[in-house]
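Working through the structure, step by step
One letter stands for each residue in the lines below.
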Amino acid sequence: MLWAWARVVGGVGLLAVLLWQVGGGPFLAGVRLINAPSLAAALLIGVLTTVCAAWRWSLVAGGLGVRLPLPTAVAHCYRAVFLNATLPGGVLGDVHRAVRHGRDAGDVSRGIRAVIWERTAGQVVLVGVALVVLAAFPSPVRPYLPAAAALLLTGGLAVVLLARLLPGTGRSRWARGVRTAVADIRAGLLARRTWLGVLVASAVMVAGHLATFLVAARTAGSDAPLTRLLPLTLLALLAMGLPLNVAGFGPREGVAAWVFGAAGLSAAEGVATATVYGALVLVASLPGAAVLLARRARNPTTAREAASGGGC
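The rules behind each value
- Residues numbered from 1 in each chain as written.
- Predicted model: local features only at pLDDT ≥ 70, side-chain atom pairs only at ≥ 80, totals over all residues.
- Heavy atoms only, no water.
- Helix = DSSP H or I, 4+ residues; strand = E, 2+ residues; numbered from the N terminus.
- Salt bridge = Lys/Arg side-chain N within 4 Å of Asp/Glu carboxyl O.
- Buried < 20%, exposed > 50% of the residue type's maximum accessible area, 1.4 Å probe, protein only.
- Patch = residues over 30% accessible without salt bridge, like charges linked within 9 Å, V, L, I, M, F, W, Y side chains within 5 Å.
- Areas by Shrake-Rupley, 256 points an atom, 1.4 Å probe, with all protein chains shown as cover.
- Polar contact = N/O pair within 3.5 Å; in protein donor to acceptor, adjacent residues only side chain to side chain.
- Phe/Tyr/Trp six-rings, centres within 6.5 Å; stacked < 30°, edge-to-face > 60°.
- Lys NZ or Arg CZ within 6 Å of the ring centre and 35° of its normal.
- Contact = heavy atoms within 4.5 Å.
- Core = buried A, V, L, I, M, F, W, Y, C linked by side-chain atoms within 4.5 Å.
- Axes fitted to C-alpha atoms, helices over the stretch in contact; angles between N-to-C directions.
- Left-handed = near helix turned anticlockwise from the far one by under 90°.
- Nonpolar A, V, L, I, M, F, W, Y, C, P; charged D, E, K, R; others polar.
- pLDDT = per-residue confidence, 0-100.
- Expected span 1.5 Å × (residues − 1).

Summing up its helical and strand segments, the protein chain has 14 helices and zero strands in all. When the helices and strands of the protein chain are placed in sequence order, the string is α-α-α-α-α-α-α-α-α-α-α-α-α-α.

By the definition in use, this model includes eight salt bridges. The salt bridge partner of arginine 119 is aspartate 94, with a shortest N-O separation of 2.1 Å. With arginine 119 in helix H6 (residues 108-136) and aspartate 94 in helix H5 (residues 92-105), the pair connects residues that are 25 residues apart, well separated along the chain. By relative accessible area, arginine 119 is classed as partly exposed at 26%. Here arginine 113 and aspartate 184 are joined by a salt bridge, their closest N and O atoms 2.8 Å apart. Here arginine 113 is found in helix H6, whereas its partner aspartate 184 is found in helix H8 (residues 173-189), with 71 residues between them in sequence.

Below, the discussion takes up a nonpolar patch on the surface. Nonpolar side chains collect at one region of the surface, where Trp55, Leu70, Trp195, Leu196, Leu199 and Val200 lie side by side and expose about 530 Å² of accessible area between them. The leading source of residues in the nonpolar patch is helix H9 (residues 195-219), at four residues. Inspection of the secondary structure assignment puts leucine 199 in helix H9.

Turning to the side chain of serine 202, a few remarks are in order. Structurally, the position occupied by serine 202 is in helix H9. In this structure serine 202 comes out as buried when scored by relative accessible area, which is 1%. Among the polar contacts made by the side chain of serine 202, one reaches the main-chain carbonyl oxygen of valine 198 at a distance of 2.8 Å.

Attention now goes to the packing of aromatic side chains. Within the structure shown, the criterion is met by one aromatic pair. With 4.0 Å between their ring centres and 10° between their planes, phenylalanine 213 and tyrosine 277 make a pair best called stacked. Of this pair, phenylalanine 213 sits in helix H9 while tyrosine 277 sits in helix H12 (residues 267-284), and the two are 64 residues apart along the sequence. For phenylalanine 213, a relative accessible area of 1% puts it in the buried group. Its guanidinium or amino end placed over the ring of tryptophan 57, arginine 97 lies 4.6 Å from that ring's centre, counting from NZ or CZ.

With respect to the helices and strands, alanine 279 occurs in helix H12. Note on alanine 279: relative accessible area 19%, which makes it buried. Expressed as a C-alpha distance, the spacing of alanine 279 and isoleucine 34, which sit 245 residues apart in the sequence, is 8.3 Å.

With that settled, the discussion passes to the side chain of arginine 56. For arginine 56, the location among the structural elements is in helix H3 (residues 36-63). A distance of 2.8 Å separates a polar atom in the side chain of arginine 56 from a polar atom in the side chain of glutamate 118. Setting aside chain neighbours within four positions, we find arginine 56 in contact with Glu118, Arg119, Gly122, Val198, Ala201, Ser202 and Met205.

On to the environment of phenylalanine 260. Mapped onto the elements, phenylalanine 260 comes out in helix H11 (residues 251-262). Remark: the alpha-carbon pair of phenylalanine 260 and threonine 273, spanning 13 residues in sequence, is separated by 9.7 Å. If sequence neighbours within four positions are ignored, phenylalanine 260 has contacts with Leu229, Leu232, Leu265, Ser266, Glu269, Gly270 and Thr273.

Time to look at the nonpolar core. With 31 residues, the main nonpolar core has Leu134, Leu210, Leu229, Leu234 and Leu237 as its most contacted residues. Among the secondary structure elements, those contributing two or more residues to this core are H6, H9, helix H10 (226-239), H11 and H12. Among the elements that line this core, the one with the most residues is H10, at seven residues. Dropping the residues within four chain positions of it, leucine 210 is found in contact with Leu230, Thr233, Leu234 and Leu237. Core analysis: the second largest hydrophobic core is formed by 23 residues, Leu59, Cys77, Tyr78 and Leu189 among them.

Before going further, it helps to examine the packing of H11 against H12. Two numbers describe how H11 lies on H12: the axes approach to 7 Å, and their chain directions differ by 145°. Considering only the axes of H11 and H12, their crossing is right-handed. Residues Arg252, Glu253, Ala256, Ala257, Phe260 and Gly261 of H11 touch H12, and the partners they reach there are Ala267, Glu269, Gly270, Val271, Thr273, Ala274, Thr275, Tyr277 and Gly278. Residues that form the contact of H11 with H12 fall into these classes: seven nonpolar, five polar and three charged.

Taken as a whole, the protein chain shows an average pLDDT of 84; of its residues, 82% reach a score of 70 or greater. Per-element mean pLDDT across the protein chain ranges from 51 in helix H14 (residues 300-309) up to 96 in H3.

With that settled, consider H9. Here H9 is 25 residues long and its end C-alpha atoms lie 36 Å apart, about the 36 Å a rise of 1.5 Å per residue gives. Remark: glycine 221 follows H9 within two positions and exhibits a positive phi of approximately 100°.

In structure tokens, the structure reads:
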């Protein structure tokens with residue numbers, strides 16, 4: 001509970017600092033500039049990224065031994081995206097779909113682990129794409145890339161060594177956790193029938209989110225070349241992984257303001273772009289609201305519990 005409140009307070013604090021620095025104009029301007037073509041593009045891209053997220057989840061869940069049909073996964077992912085976009089923290093929708101699928105499958109632990117591992121795979125691919133793009137195009141963080149890459153590599157090696165050094169047998173909580181994690185990664189992520197699909201789905205999702213951010217930048221009035229916008233929007237996308245937001249707003253706008261300003265554009269342009277992106281994502285997630293309403297019509301009590309409990 002304390003951490004949940006800390007995330008909300010952190011998000012509100014970030015938004016307060018932004019409003020103090022740039023005022024409310026960029027936020028309002030971003031909303032006013034949204035038009036029908038940008039909304040249509042966001043909806044179409046949203047279909048692609050949500051189906052890919054559902055496919056990745058289905059593959060990982062199947063590898064862990066819990067069946068998840070693709071149509072069911074798509075419905076759950078749409079609902080999760082909508083809840084993530086409208087509730088504080090940005091992860092409650094994923095928590096809900098993990099627990100819900102686990103209960104439906106009769107194994108809550110595996111259901112939760114399937115979501116954790118498929119989201120982890122997505123973040124790993126996102127970071128990999130970020131390193132390549134940020135190395136290829138100029139950005140405010142380019143001088144720090146070697147140190148960041150070395151830190152990530154060191155961290156990855158440390159995790160691998162720790163997993164090897166910890167006892168593979170025994171009844172301790174650490175030993176059981178390591179055995180479970182290694183088995184999950186082998187079966188859910190690295191198995192022959194899953195790894196390529198997980199990689200392709202994650203890469204398409206990253207491309208879709210970046211495309212939506214570029215649509216948002218153009219909608220917000222930015223005329224900077226794509227080679228200049230791509231690394232900036234990617235950094236704002238990375239910031240969305242921080243669970244310190246209010247209905248999706250917070251770190252994304254803060255990082256966008258910083259990187260746009262540091263790149264010679266303007267902080268207001270960054271805030272407007274991030275605001276448009278947030279609105280487009282919300283619109284793209286609206287099928288998830290339809291899923292919630294349909295479930296409420298079938299089972300009002302369960303639907304209320306789902307809505308109170310908490311994307312792909």
